[in-house]
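Letter by letter, the chains look like this.
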2 protein chains.
Amino acid sequence: MSEELSPRAQRLRDTGYKLTNARLTVLNVLESHGGHMTSTQVLDEVDKIDSEIGRASVFRALDLFTRLSIIRPTYIDSSTTPTYVMLPGGHHHHIICTNCNRVIEFEDCHLGQLETELERQLNVRLTGHLLEFYGLCDRCS
Amino acid sequence: MSEELSPRAQRLRDTGYKLTNARLTVLNVLESHGGHMTSTQVLDEVDKIDSEIGRASVFRALDLFTRLSIIRPTYIDSSTTPTYVMLPGGHHHHIICTNCNRVIEFEDCHLGQLETELERQLNVRLTGHLLEFYGLCDRCS
DNA sequence: TTTTTTAATGAGACATTGTATCATTTCGTT
DNA sequence: AACGAAATGATACAATGTCTCATTAAAAAA
Ligand SMILES: [Zn+2]
Ligand SMILES: [Zn+2]
Ligand SMILES: [Zn+2]
Ligand SMILES: [Zn+2]
């Protein structure tokens, strides 16, 4: 019985973490959604797929994936629950409208050079990044 | 009786918001601390200065300052309360160690050009940004 | 200065989100 | 199959954030 393993699942195992049902389900939910999800949304979706999976395990998976730079929590507007966003290829970028909270995604960040520079200068090993611009979108400005 | 107004307080008023005791106290706490603060830390500090100020007003101030790109909530590790960080000059940058959660600040981002480009391309008006790199710090790598 | 208007406040009950504990299960290995 | 470690799920709990509404105070107007 050979299961299909997504590259991220593969990576989980290679890093020494067990491939459990809870983790794979949360990962699956995040991957198939793609965009920004709140913890509550993830909990709901996971529950639809397998209601046996416990609340705590979902949060534990979100923690783990964050540590692995698979996802990253961020805020759209303040003081609400964070949204978790996938970091495919290790990075993600968006503009958040501070008036209507619309999120505009964009692709190119040209940060590879800065990343390399920082790694050398500070002797760190970087695995991902999140770049957020704030301001007014076309409708609000 | 002419009060000293910090540039940010000035800006608050210019934008049409009232300069209330609650807002000025929260702003003062954030400015004098400088670094990353959780909502709980802000609540505590505000309480020390003026215990009359209510919990809700502190959260309301944090919301407002976020909308104005004076501060920005961000996550050090996942699933904990966010930390609010000042965006002096409209931006802030750091590296977060995904193992020990240490935060390393750095200055240069070279994002002015990208900012201008995005403003033109997408017809938005940008007021600030936050750039976060994730990875292992020198001690952890 | 006094009045007026209206945004903002504070109290505190409430709702939501995240965490801790621990007995039990599951994964990966031997 | 048997083992040990890692992870789980249930659930009670703690922490964080929100809502309502009567009252207050800031800024503008008179
Ligand atoms: Zn995004
Ligand atoms: Zn990037
Ligand atoms: Zn570290
Ligand atoms: Zn910058």
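Here, residues in each chain are numbered from 1, in the same order as that chain's written sequence. To read the labels, note that chains go from A and ligands from 1, taken in the order they are written. Totals for whole chains, interfaces and linings use every residue, but because this is a predicted model, local features are given only for residues with pLDDT of at least 70 and side-chain atom pairs only at 80 or more, for both listing and counting. Only hydrogens and water are removed before side-chain values are computed, so all heavy atoms of the structure are retained for them.

A.B. asks: I keep staring at the relation of the copies chain B and chain A and nothing clicks. Help me out?
C.D. replies: Each of the two copies of the chain can be brought onto the other by a rotation about an axis and a shift along it. The copies were overlaid with a least-squares fit restricted to C-alpha atoms from residues scoring a pLDDT of at least 70 in each copy. Overlaying chain B with chain A gives an RMSD of 0.1 Å, the required rotation being 180° about an axis along which the chain moves by 0.0 Å. With respect to symmetry, the two chain copies, as superposed, fit the operation of a two-fold axis. It is L131 of chain B whose C-alpha, among those of chain B, lies nearest the rotation axis, at 2.3 Å. Any two residues having at least one pair of non-hydrogen atoms within 4.5 Å are treated as being in contact. Taken together, the interface assignments show that 100% of the residues at the interface of chain B recur at the interface of chain A, consistent with an identical surface on both copies.

A.B. asks: Can you help me understand the protein's contact with DNA strand C in this one?
C.D. replies: Any residue with a non-hydrogen atom lying within 4 Å of a molecule or strand is treated as near it. S39 of chain A together with T20, S57, R60 and S79 of chain B are the nearest of the 23 residues found near DNA strand C. Looking at DNA strand C alone, sugar and phosphate atoms form 64% of those within 4 Å of the protein. Residues adjacent in sequence count toward polar contacts only when both atoms are side-chain atoms; beyond that, a polar contact is any pair of N or O atoms within 3.5 Å, and within protein one must be able to donate a hydrogen and the other to accept it. With respect to DNA strand C, the side chain of K18 of chain B contributes an N or O atom lying 3.3 Å from a base oxygen. For the purposes of this entry, the term helix denotes a DSSP run of H or I that reaches at least four residues, the term strand denotes a run of E that reaches at least two, and both are numbered from the N terminus. Of all elements in the fold, only α3 (39-49) and α4 (55-67) of chain A together with α2 (21-33) and α4 (55-67) of chain B reach the threshold of two or more residues within the surface near DNA strand C. Top element by residues in the surface near DNA strand C is α4 of chain A. It accounts for four residues.

A.B. asks: What should I look at first to understand the sheet that holds strand β4 (residues 91-97) of chain A in this one?
C.D. replies: Pairs of strands are assigned from DSSP output, requiring at least two bridges between the strands. Across the sheet, six strands lie side by side as β5(A)-β4(A)-β6(A)-β6(B)-β4(B)-β5(B); this open sheet has mixed pairing. With one partner strand each, in any of the chains shown, β5 (103-105) of chain A together with β5 (103-105) of chain B form the two edges of the open sheet. Across this sheet, the average inter-strand angle for adjacent strands is 25°, counted without regard to direction. Two elements, strand β4 (residues 91-97) of chain B and β5 of chain B, share three bridges in a ladder whose sense is antiparallel. Within β5 of chain B, the residue paired with I96 of chain B across the bridge is V103 of chain B. Each axis is a line fitted through C-alpha atoms, and for a helix only the stretch in contact is used; angles between axes span 0 to 180 degrees, taken between their N-to-C directions. On top of the sheet, helix α5 (residues 112-122) of chain A reaches β6 (125-136) of chain A together with β4, β5 and β6 (125-136) of chain B; it is set at about 125° to β6 of chain A, its chief contact. On the sheet, helix α5 (residues 112-122) of chain B packs against β4, β5 and β6 of chain A together with β6 of chain B and is oriented at approximately 125° with respect to β6 of chain B.

A.B. asks: Could you clarify how one ought to interpret the packing of aromatic side chains in this entry?
C.D. replies: When we look at a pair of aromatic rings, we describe it by the centre distance and by the angle of the planes. Pairing of aromatic rings covers Phe, Tyr and Trp, the last counted by its six-membered ring, and requires centre-to-centre distances within 6.5 Å; plane angles under 30 degrees mean stacked, over 60 mean edge-to-face, and any other angle means tilted. Inspection of the entire model under this criterion finds three aromatic pairs over all chains. For the pair Y75 of chain A and Y75 of chain B, a centre-to-centre distance of 5.6 Å together with 5° between the ring planes defines the contact as stacked. Here Y75 of chain A is found in the loop between β2 (71-74) and β3 (83-86), whereas its partner Y75 of chain B is found in the loop between β2 (71-74) and β3 (83-86) on a different chain. Among the residues examined, Y75 of chain A registers a relative accessible area of 4% and is labelled buried. Ring geometry for F106 of chain A and F133 of chain A: centres 5.9 Å apart, planes at 50°, overall tilted. Here F133 of chain A lies in strand β6 and F106 of chain A lies in the loop between β5 and α5, a separation of 27 residues in the sequence. Taken individually, F106 of chain A and F133 of chain A each receive the classification buried, so the pair is uniform in this respect. Residue exposure (1.4 Å probe, protein chains only): buried if accessible area is under 20% of the type maximum, exposed if over 50%, otherwise partly exposed.

None of the figures reported here should be taken as evidence of function without further support.
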